[in-house]
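Read off the chains here:
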Amino acid sequence: MSFELYSVRMVTYIYKEFKTAINKLKYPDSWFWARYTANPYSGCEHVCIYCDARSQRYYLTQNFEDEIIIKDKFAKKLEATIKNSRSLLRDVIGPGGICDAYQPVEKKVKNTRKLLKILMKFRFPVNLATKSDLVTRDIDLFKQIAKDTWCTIGFSVSTMDEEIASLLEPRSSPPQARMRALKEIKQKAPEIQVGTYFMPIVPYLEDNYDQIEEVIKESKNAGAKFVLFAPGLTMRDVQQEFFITKLRKSKYRDIVKPLLKLYGNNSEKNELYKYLNQMNLKIYNLCQKYGLKTRVKRWIPSDYRKWNYIIAEVLLNEEYKNTILGSSNNKMKWAGLSINNLDESIINYFKRGELKRLRNFSNEIIEFVKPYLKRGEKDRDKKTLDRFL
Ligand code: SF4
């Protein structure tokens, strides 16, 4: 394990070797479709005051914004893992995950660029979320990845208001710069699926109709294909303390009380639920108005997982729609998530009449996915015939 220490201004950078370069998720994430995450850095210089990565569930032990750990030999480790692992199936990787892969240190260290070169070499699809316009430096690599397999880049935006953004996201690229970067990617590499990750949306600060419409309109004007949105924010342990302390010191201190009431233990049980439902519907309708998708189109492998992933996407998108309409019951979610992990094609289960063995595959769900199963059956039969001829 090697350590090297140096300081620039108030931030300390620490080189440290880690055993692993990639983390496999139990289920592919149904928003970003990532199966793996790969974090070139630990800690984030962007210092967003609402950042969820501060919460204890991520076990980041250092001072989150002032001590940035640069993962030493990161790309080499990733390459060795991909080469040596027999079980690592090609699937979507989300570089960054909980710490922005294009935070300022990347300009010099280039851990993310090196990571992308490895992903390009082994043809792994990529979904990247960032608040930095530095991402445009690597358009060449993203473009090639999109041509070879699949690439999505989403800009994380919570408001277009520069003053609010400078409080909430003080060291990220300003929102307008993120939109310019989105536009540049769209123009230079139309193969890349680009859009906005509109989250978090701080209640009482960023949630009025005009503010929301501005984010959606700017996204549309910049060339976004989708706006993936999530109103509200997480309010967990250390993260909540940090956020509320900063808000109390700001000119927006008046929102603290209603915000804590909305998220607090003493709040009306359904107050937050009602708030999120109303917001979901409002934002969804605005996306419809601007002709923007609210889901990311998924990468589909060409091996035995093909129809598992297609049908999982259908189920998970339907579950999402039900959530927006306030009628979700989670059944589709678990059915969709679990078929991502099958070790054979769902079409085999269909042919053997064994669909009921799959988690949550009730008669209702089977009826719902039947048209896709039939298409999948034809698709597989056609391939068999092609091989035969
Ligand atoms: S850019 Fe993302 S990871 Fe970095 S501080 Fe902001 S929210 Fe956290």
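Please read these numbers as outputs of a predicted model, since none were measured by experiment. Throughout, a residue's number is its position along its own chain's written sequence, starting from 1. pLDDT decides what is reported in this predicted model: residues at 70 or higher carry local features, side-chain atom pairs at 80 or more are listed and counted, and totals for whole chains, interfaces and linings draw on all residues regardless.

*Asks:* Give me the pairing of strand β11 (residues 226-229): which residues, what numbers.
*Replies:* Here exposure depends only on C-beta density: within 10 Å of a residue's C-beta, 20 or more other C-beta atoms make it buried, 12 or fewer make it exposed, and intermediate numbers make it partly exposed, the C-beta atoms being placed from the backbone. The helix and strand labels rest on DSSP assignments: H or I over at least four residues marks a helix, E over at least two residues marks a strand, and numbering proceeds from the N terminus. Both faces of β11 are covered, namely the face carrying Phe226 and Leu228 and the face carrying Val227 and Phe229. The pairing criterion for strands is at least two bridges between them, as found by DSSP. Pairing of strand β10 (residues 193-198) with β11 involves four bridges; the strand directions are parallel. By the bridge assignment for β11, Thr196 is matched with Val227. Regarding topology, helix α7 (residues 209-222) serves as the crossover connection from β10 to the parallel β11, and that connection is right-handed. With its strands directed away from the observer, a crossover is right-handed exactly when the path from the first strand over the helix to the second travels clockwise.

*Asks:* Lay out the domain arrangement of the protein chain with the relevant residues and their values.
*Replies:* Reports often express the size of an interface as the amount of accessible area lost when the parts come together. What the domain assignment lists for the protein chain is domain 1 (3-289) and domain 2 (306-388). As used throughout, domain bounds are those supplied by an automatic or database domain assignment. The distance between the C-alpha centroids of domain 1 and domain 2 comes to 30 Å. Placing a C-beta atom from the backbone of each residue, one calls two residues in contact when those atoms lie within 7 Å. Counting from both sides, the interface comprises seven residues of domain 1 and, opposite them, seven residues of domain 2. A breakdown of the residues in the side of domain 1 that touches domain 2 according to their chemical character gives four nonpolar, three polar and no charged. Amino acids outside the nonpolar list (Ala, Val, Leu, Ile, Met, Phe, Trp, Tyr, Cys, Pro) and the charged list (Asp, Glu, Lys, Arg) are all regarded as polar, and Gly is one of them.

*Asks:* Lay out the pairing of strand β9 (residues 151-157) in plain terms, naming residues and giving numbers.
*Replies:* Among the seven residues in β9, seven count as buried, and that is most of the element. Bridging between strand β8 (residues 126-130) and β9 involves five bridges; their strand directions are parallel. Counted as the bridge partner of Val126 is Cys151 from β9. With respect to chirality, the unit in which β8 leads through helix α4 (residues 139-148) into the neighbouring parallel β9 is right-handed.

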